[in-house]
2 protein chains.
Amino acid sequence: MARTLTPSRMPDRMSADRATLDELLDEVLVAHVGLSLDEGPLVIPTGFARDGDRLLFHGSTGSRWLRALAAGADVCVTVTALDGIKVARSGFESGMRYRSACLFGRCTVLVRDEAARALDRFVDRVLPGRAAEMRPSTAKERAATLVLALPITEWSLRSADGFATDPASDVAGETWAGAVPIRTAYGEPEPSPDLRPGIDVPPSVRALTGAPRP
Amino acid sequence: MARTLTPSRMPDRMSADRATLDELLDEVLVAHVGLSLDEGPLVIPTGFARDGDRLLFHGSTGSRWLRALAAGADVCVTVTALDGIKVARSGFESGMRYRSACLFGRCTVLVRDEAARALDRFVDRVLPGRAAEMRPSTAKERAATLVLALPITEWSLRSADGFATDPASDVAGETWAGAVPIRTAYGEPEPSPDLRPGIDVPPSVRALTGAPRP
């Protein structure tokens, strides 16, 4: 649901479309997690994964911000995709093509099987199929990892696409207007320097990058 | 200077290199601005520009988060570039190639000539040379715009590149390891539907996109 805390200007850019939200959350790899500490606000970039109606986060049990979230701190998680530049005929009307979501709430800590499944989900979210290509996580690794879930209940979505709307007086002039799309792409896989000979690029990485199959 | 509030784990990933900070701030187009409101934390994505030893922000005078910053609220501004995926032999060692900066402080409000110059800087930061191709901002536009500056004094920088470090027992196995770079590129300029005939793509946009000159 939309929350009054979120920016309310330009209501045409607000959306309550859950499918659009999920598409954004499943596309963007990094979230910016904001919390209010005694010293002031803190915004941390982190990987995340959507699991149905919740967002999953993870990291070291020694991470201060994760421990604050595990203790029940209020959180704002913002996920943004930058899609292009709107080149208007004035600076005032120029802007970005973007999609952005803010999610609000408090996290819960996942344990045991649920935490183990979440760790596979983090892997497969970035590289679908990769979890099955790797050994399972060890008990020691799981013990060193804090896994949190934020329910997707309070959120807002904003976006801008298309072109800027210039006033008629500017449209009548000689200044160009348009947009420049921004695209993100995967490059060729780079083998690790310690990769032993004869080990091929796995299907998960080939599928992501479109690298030719051997 | 590094601030104790920021994550202090993995000190090898910390850097106090101001030139590296500036390179990141000049490359990434969107910052995530965090502030602590009475209702809880809020993280807003916004365009920004570096102007020497300060970051500039701007937006509508009706924007609640900008007005909170103008009133002197503590702020954390985080700027992140995602450079690739580190594909380790385990989920535990897998991660991202990234660069990220957190800046802390309070903003001041810019007015008159300083605000007008800042508006040109926002334009030229995204599209170098574009401000000179457009009409100047009007008094009405300037009056509707709030321009803020955050001094670059308290900040931290974190990054990860290269490859994951797998334990020897994993390196000895049959699992592939490497990295997949992530690249961002500009697409072909798209003329606005209301562009009048005979107006060419301007030099600023051609320079950005590498579009062929007419």
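Residues numbered from 1 in each chain as written. Chains lettered and ligands numbered in written order. Predicted model: local features only at pLDDT ≥ 70, side-chain atom pairs only at ≥ 80, totals over all residues. Heavy atoms only, no water.

> I'm lost on the pairing of strand β10 (residues 154-160) of chain B in this one. Help?
It is a general feature of regular strands that their side chains alternate between the two faces of the sheet. Residue and element names in this part refer to chain B. Burial analysis of β10 places five of its seven residues in the buried class, the great majority of the element. Sheet topology note: the strand β7 (residues 95-105)/β10 ladder contains seven bridges and is antiparallel. Bridging across to β10, F104 finds its partner in E154. (Buried < 20%, exposed > 50% of the residue type's maximum accessible area, 1.4 Å probe, protein only. Helix = DSSP H or I, 4+ residues; strand = E, 2+ residues; numbered from the N terminus. Pairing = 2+ DSSP bridges.)

> Would you mind showing me how to read the sheet that holds strand β9 (residues 145-151) of chain B here?
Two orientations exist for strands paired in a sheet by backbone hydrogen bonds: parallel and antiparallel. Residues and elements named next belong to chain B. The antiparallel open sheet is built from four strands, whose spatial order is β4-β5-β9-β8. Single-partner strands in this sheet number two, and they are β4 (49-51) and β8 (108-110). Taken pair by pair, the neighbouring strands of this sheet meet at an average axis angle of 40 degrees, ignoring direction. Sheet topology note: the strand β5 (residues 54-60)/β9 ladder contains seven bridges and is antiparallel. Bridging across to β9, G59 finds its partner in L146. Strands β4, β5, β8 and β9 of the sheet are contacted by helix α3 (residues 112-126), whose axis makes an angle of about 95 degrees with β5. (Axes fitted to C-alpha atoms, helices over the stretch in contact; angles between N-to-C directions. Contact = heavy atoms within 4.5 Å.)

> In this structure, what is going on with the interface of chain B and chain A? I would like to understand it.
When the parts come together, some accessible area is lost, and that loss is often what is quoted as the size of the interface. Counting from both sides, the interface comprises 87 residues of chain B and, opposite them, 87 residues of chain A. Linking chain B with chain A are eight salt bridges, by the criterion used here. Across the pair D170 of chain B and R135 of chain A runs a salt bridge, and its minimum N-O distance is 2.9 Å. At the surface where chain B touches chain A, the tally comes to 32 residue pairs in polar contact (both at pLDDT 80 or more). Per-element tally for the side of chain B that touches chain A: the top contributor is strand β11 (residues 178-186) of chain B, with nine residues. Here the residues of the side of chain B that touches chain A sort into 47 nonpolar, 21 polar and 19 charged. Across five bridges, the pairing between strand β11 (residues 178-186) of chain A and β11 of chain B is antiparallel. Looking across to β11 of chain B, one finds that R183 of chain A is bridged to A185 of chain B. (Salt bridge = Lys/Arg side-chain N within 4 Å of Asp/Glu carboxyl O. Polar contact = N/O pair within 3.5 Å; in protein donor to acceptor, adjacent residues only side chain to side chain. Nonpolar A, V, L, I, M, F, W, Y, C, P; charged D, E, K, R; others polar.)

> Hey, could you run me through unusual backbone geometry in this one?
Note on backbone geometry: most residues besides glycine have negative phi, and most peptide bonds are trans. You will see that R112 of chain A, though not glycine, has its phi angle at about 50 degrees, which is positive. Within the fold, R112 of chain A resides in helix α3 (residues 112-126).

> Looking at this structure, I do not really get the pattern of salt bridges. What am I missing?
Opposite charge on two side chains permits them to pair, given that their charged atoms come into close proximity. In the structure shown here, the tally under the stated rule is 36 salt bridges over all chains. The residue D166 of chain A makes a salt bridge to R89 of chain A at a minimum N-O spacing of 2.8 Å. With a gap of 77 residues between them, D166 of chain A in the loop between β10 (154-160) and α5 (168-171) and R89 of chain A in the loop between β6 (75-87) and β7 (95-105) connect regions that are remote in the sequence. Assessed through its relative accessible area of 8%, D166 of chain A is described here as buried. Between D194 of chain B and R89 of chain A there is a salt bridge, with its nearest N and O atoms 2.9 Å apart.

> When you look at helix α1 (residues 18-27) of chain B in this model, what are you seeing that I'm missing?
Quick reminder: α-helices carry 3.6 residues per turn. Residues three or four places apart thus point the same way. Residues and elements named next belong to chain B. Considered for burial, the residues of α1 that qualify are L21, D22, L24 and L25. Taken around the axis of α1, the buried residues stretch over an arc of 160 degrees, which confines them to a single face. In α1, the exposed positions that point more than 90 degrees away from the buried face belong to A19 and E23. (Arc of directions from axis to C-beta.)

> Teacher, can you tell me more about the packing of aromatic side chains here?
To describe a pair of aromatic rings, you give the distance between the ring centres and the angle between the ring planes. All names here are of chain B. Counted according to the given criterion, the structure contains zero aromatic pairs over all chains. Over the ring of F163 we find R97, and its NZ or CZ is 5.0 Å from the ring centre. Cation over ring: R125 sits above F48, and NZ or CZ is 4.8 Å from the ring centre. (Phe/Tyr/Trp six-rings, centres within 6.5 Å; stacked < 30°, edge-to-face > 60°. Lys NZ or Arg CZ within 6 Å of the ring centre and 35° of its normal.)

> Please clarify how the sheet that holds strand β9 (residues 145-151) of chain A should be interpreted in this entry.
All names here are of chain A. Taken in spatial order, the four strands line up as β4-β5-β9-β8 in an open sheet, and their pairing is antiparallel. Each edge of the sheet is formed by a strand with only one pairing partner; in this case those strands are β4 (49-51) and β8 (108-110). Shown here is a sheet whose adjacent strand axes are inclined to one another by a mean of 40 degrees, direction ignored. Pairing analysis gives three bridges linking β4 to strand β5 (residues 54-60), with the strands arranged antiparallel.

> Help me understand the side chain of R50 of chain A in this model?
Residue and element names in this part refer to chain A. Turning to its location among the elements, R50 is positioned in strand β4. By relative accessible area, R50 is classed as buried at 15%. In terms of polar contacts, R50 uses its side chain to reach the backbone carbonyl oxygen of G52, at 2.9 Å. Here R50 is in contact with R18, D22, L25, D26, L55, R121 and I152, once residues within four sequence places are set aside.

> Whenever I open this one, the environment of T78 of chain B confuses me. Can you help?
Position of T78 of chain B among the secondary structure elements: in strand β6 (residues 75-87). Between the C-alpha atoms of T78 of chain B and S100 of chain B, which are 22 residues apart in sequence, the distance is 7.0 Å. For T78 of chain B, the contacting residues outside a window of four places in its chain are H32, V43 and P45 of chain A together with A31, H32, S100, A101 and C102 of chain B. A polar side-chain atom of T78 of chain B sits 2.7 Å from the main-chain carbonyl oxygen of V43 of chain A.

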